[in-house]
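Letter by letter, the chains look like this.
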Amino acid sequence: MSDSLILERVEANLTRLRLPRISQILQAVIKTAEEKSKSHLAFLDELLDEEVAQKEQRRVETNLRISGLPFIKTIDEFDFAFQPKLDRQKVMSLFDLTFIQYKQNVIFLGPPGVGKTHLAVALAVKACQSGFSIYSTTMEDLIKKLKKDHESNRRGKGRSYYKSALVIVDEVGYTPITREECNLFFRFIANRYEKASTIITSNKAFSDWTEMFHDPIIVTAILDRLLHHSIVLNIRGKSFRLKEKTEKELIDMNGTEG
Ligand code: ADP
Ligand code: MG
């Protein structure tokens, strides 16, 4: 059989086996393998490694796209110098992701703009890259989903916001919730308790949660489960949004002056 016929058959089989990356690089890898007289094993290894790397990258990209994250940012993009009171080491230690293995929760508290969502997103991105299932939602959106499940008598157990290894519930406390909604949120937290990790961000101190959840008994029950295995980071600092704004205003002002 001629080389070109073999190549044709290899290409056809690569398509059938869904190995597009190998198809793409095959000719070039054959060429360098011949030039550098690589072993058969090294040749095969290179091809497979490239295919696996591309598949892995696709998986991460797809999962990030469907995860509901409000934006994609990493911890490298986080300027710790801007938030000097934040315990950098404590934050960085979260990125070994042992909290997910131990089903612990992470809670970011602080006023708007201090980077709560950024840190939560960065953890989710790392978790996704490490192969954990992730899901991100806001409190408002989560309540809507829980109500819909409740009304349609679905228990929602198959939903991403129940079964993902890591779920972000962003912006707890921005909008007050009713007693019934509070109950649904309690059930959500109780379901994930000791089973999977949840990241909560809130602009309200725990002492203010009673007020926004209306029912002190349920709030106590929620906090009890949420905090039992948890890492709490209270970010006391300035808003990054305002920093960006003032810098931009300064540039604008200089622009008009000059
Ligand atoms: P919060 O959720 O606390 O209101 P965000 O995390 O949404 O704040 O931060 C607001 C914006 O500022 C985002 O674009 C975020 O990436 C950015 N940001 C906040 N803190 C920092 C920081 N320390 N370094 C870099 N970017 C930051
Ligand atoms: Mg936020």
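Procedures and definitions
Residues numbered from 1 in each chain as written. Chains lettered and ligands numbered in written order. Predicted model: local features only at pLDDT ≥ 70, side-chain atom pairs only at ≥ 80, totals over all residues. Heavy atoms only, no water. Domains from an automatic or database assignment. Contact = heavy atoms within 4.5 Å. Buried area = accessible area lost by both parts, 1.4 Å probe. Salt bridge = Lys/Arg side-chain N within 4 Å of Asp/Glu carboxyl O. Polar contact = N/O pair within 3.5 Å; in protein donor to acceptor, adjacent residues only side chain to side chain. Nonpolar A, V, L, I, M, F, W, Y, C, P; charged D, E, K, R; others polar. Near = heavy atom within 4 Å. Areas by Shrake-Rupley, 256 points an atom, 1.4 Å probe, with all protein chains shown as cover. Helix = DSSP H or I, 4+ residues; strand = E, 2+ residues; numbered from the N terminus.

Draft legend 1. Fine view of the domain arrangement of the chain. Partitioning the chain into domains gives domain 1 (3–65) and domain 2 (75–242). Across the boundary between the two partners, domain 1 contributes five residues, which contact five residues of domain 2. Summed over both partners, the interface of domain 1 with domain 2 buries about 370 Å², with 70% contributed by carbon and sulfur atoms. The largest contributions to the domain 1 side of the interface with domain 2 come from Arg-59, Val-60 and Leu-64, which together make up 80% of the buried area. On the surface where domain 1 and domain 2 come into contact, there are zero salt bridges. Taken together, the links from domain 1 to domain 2 amount to one residue pair in polar contact (both at pLDDT 80 or more). The residue inventory of the side of domain 1 that touches domain 2, partitioned by class, reads two nonpolar, one polar and two charged.

Draft legend 2. Local environment of the site of ligand 1. Not every one of the 14 residues close to ligand 1 is listed here, only the nearest: Lys-73, Asp-79, Gly-113, Thr-117 and His-118. Take Gly-115: an N or O atom from its main chain is 3.1 Å from an oxygen atom of ligand 1. Separating an oxygen atom of ligand 1 from a side-chain N or O atom of His-118 is a distance of 2.6 Å. Protein burial of ligand 1: of its 560 Å² of free accessible surface, 91% is covered by the chains. At the level of secondary structure, the elements contributing two or more residues to the shell around ligand 1 comprise helix H6 (116–129) and helix H12 (240–257). Per-element tally for the shell around ligand 1: the top contributor is H6, with three residues. Along the lines of polarity and charge, the residues of the shell around ligand 1 split into five nonpolar, four polar and five charged.

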